[in-house]
There are 2 protein chains.
Amino acid sequence: MTTVLIADDQPLQRFGFRMLLESQDDITVLGEASNGSEAIRMTAEQHPDVVLMDIRMPGLDGIEATRRIVATGGRTRVLILTTFDLDEYAHAGLRAGASGFLIKDAQPEELLSGIRSVATGDAVVAPSLTRRLLDAYAHHLPAATVTDSPDPRLTTLTDREREILTVIGRGWTNTEIATRLHLAESTVKTHVGRILAKTGSRDRIQAVILAYDTRLVEPS
Amino acid sequence: MTTVLIADDQPLQRFGFRMLLESQDDITVLGEASNGSEAIRMTAEQHPDVVLMDIRMPGLDGIEATRRIVATGGRTRVLILTTFDLDEYAHAGLRAGASGFLIKDAQPEELLSGIRSVATGDAVVAPSLTRRLLDAYAHHLPAATVTDSPDPRLTTLTDREREILTVIGRGWTNTEIATRLHLAESTVKTHVGRILAKTGSRDRIQAVILAYDTRLVEPS
DNA sequence: AGGGGTGTGGTACCCCGGTACTACGGTGGC
DNA sequence: GCCACCGTAGTACCGGGGTACCACACCCCT
């Protein structure tokens, strides 16, 4: 029997996960945490096999929570689940000691098998990330120097802005960005406006092109 | 990094290819398939850049597997490798949509450069075959059949529409397209509308992304 | 002689994207 | 303690993009 703790700030999201997990005979949900601090406390109390960890949470975020849970040395493994397949998140999460990194739009079967893998000590990474992770970690290999030296056109952007630019490059509309990233549309517009100003793009289309040209987004 | 799937029914042959490919920094072997059906399934799961495809395999053969992989419209290119330099095989393979056709007794360097060429969208044909292929196809087409095999998502577009899509991909606005191509803006809008409808893009941004993904526009 | 596809053009309408502000809590630096 | 930056959020406004139509000349095919 695999025991799981769900850590996510969105009640609806937690509900969905709980429904999915509890439909499985070999998985038990021990509880739900709505932020990083709660996740740490509940892990210390209940010692779940796996913590299903969202990254973006109010207060202590998922990365830091992962770091502290892993640091305790318990047998609990952390499987990070996020909306984004952004490189920074993956790197940070895996550096923090996570055993896996999946994307929320994965198939339910993927999530379940990921949990089982992590519980048995294996590691899982979302297919869409694997490639870029390999690229990034292949410093020793030639041609990797190019990829991880940030394009000068992007250096003035903040991390958040680069995130937003990435999803702009994937074709998301402002409303989609707002809903999927849990932001107000006005906030998205503020971000987009600053990105356009900083990169000298006249509209989001130029930004999409920039995202491709700087390899922030790869053609698929 | 170029990812490759090896499809061959002989384990020893697969082993040889894998050793050769993995000795290269820029090539990764994603997996091995021992027949056509497996090749199709693994391609659907792993989306290699290139499938190294043997023709003679039990069950579904390499030609039919190539046809189905190409029909999915993914970016995976098929490089057919066979023991024989028979014309029928080459014709059938290239008609099936293969991007290349090499013979197994080729030099290792030839195979490697062939894989790299195919991965970037070019096509290769074994020197011993080229002549006869040209002769056979010369009657019908001016050599364009293989090299610019258009992405299936673009085949329904007219030449003019592909032209417009290209400049959309370069970030031109409707008014820019109109003035630079000496058209009325209403005409441009008509074209754009048809392009969006045919390609299933909801707005020009999706079209820009499509232009990049189909390599109609190259990142610079 | 008709018909379908293509390239061109027009009108009217609505909505999203982008701009121009303002604002405020948190964090980190000095 | 203060200031700068960042991420968040709001309002108001305008213009381009996209849609839904229609129209017509040209070409190719049967």
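Labelled according to an unreviewed UniProt entry, chain A appears under the name DNA-binding NarL/FixJ family response regulator, originating from Streptomyces griseoloalbus.

Caption draft 1: Spatial organisation of the pairing of strand 3 (residues 50–54) of chain B. Residue and element names in this part refer to chain B. Within strand 3, five of the five residues are buried, which leaves the element mostly enclosed by the surrounding structure. Neither face of strand 3 is exposed, since Val50, Leu52 and Asp54 on one face and Val51 and Met53 on the opposite face are all buried. Where strand 1 (residues 2–7) and strand 3 come together, four bridges link them in parallel fashion. Following the sheet pairing, valine 4 is matched in strand 3 by valine 50. Here strand 3 pairs with strand 4 (residues 77–82) via five bridges, running parallel. In the strand pairing of strand 4, leucine 52 is matched with leucine 79.

Caption draft 2: The interface of chain A and chain B, seen in detail. The partner chain B presents 23 residues to the 22 residues of chain A that form the contact. In total, chain A and chain B occlude about 1,800 Å² of area from one another, counting both sides; carbon and sulfur atoms represent 54% of this. Remark: the boundary between chain A and chain B carries two salt bridges. Residue Arg202(B) is joined to Glu176(A) by a salt bridge in which the shortest nitrogen-to-oxygen separation is 2.6 Å. At the junction of chain A with chain B, the criterion picks out eight residue pairs in polar contact (both at pLDDT 80 or more). Taken together, the elements giving at least two residues each to the side of chain A that touches chain B come down to helix 6 (127–137) and helix 11 (204–213) of chain A. Tallied by class, the residues present in the side of chain A that touches chain B amount to eight nonpolar, five polar and nine charged.

Caption draft 3: Just the pattern of salt bridges, in detail. All names here are of chain A. For the structure shown, the criterion picks out 23 salt bridges over all chains. A salt bridge links glutamate 32 to arginine 14; its shortest N-O distance comes to 2.8 Å. You can see glutamate 32 sitting in strand 2 (residues 27–33) and its partner arginine 14 sitting in helix 1 (residues 11–22), a full 18 residues away along the chain. The class for glutamate 32 is partly exposed, based on a relative accessible area of 26%. A relative accessible area of 13% places arginine 14 in the buried class. For arginine 18, the salt bridge is made with glutamate 22, and the minimal N-O distance between the two is 3.1 Å.

Cut-offs used in this document
Residues numbered from 1 in each chain as written. Chains lettered and ligands numbered in written order. Predicted model: local features only at pLDDT ≥ 70, side-chain atom pairs only at ≥ 80, totals over all residues. Heavy atoms only, no water. Buried < 20%, exposed > 50% of the residue type's maximum accessible area, 1.4 Å probe, protein only. Helix = DSSP H or I, 4+ residues; strand = E, 2+ residues; numbered from the N terminus. Pairing = 2+ DSSP bridges. Contact = heavy atoms within 4.5 Å. Buried area = accessible area lost by both parts, 1.4 Å probe. Salt bridge = Lys/Arg side-chain N within 4 Å of Asp/Glu carboxyl O. Polar contact = N/O pair within 3.5 Å; in protein donor to acceptor, adjacent residues only side chain to side chain. Nonpolar A, V, L, I, M, F, W, Y, C, P; charged D, E, K, R; others polar.

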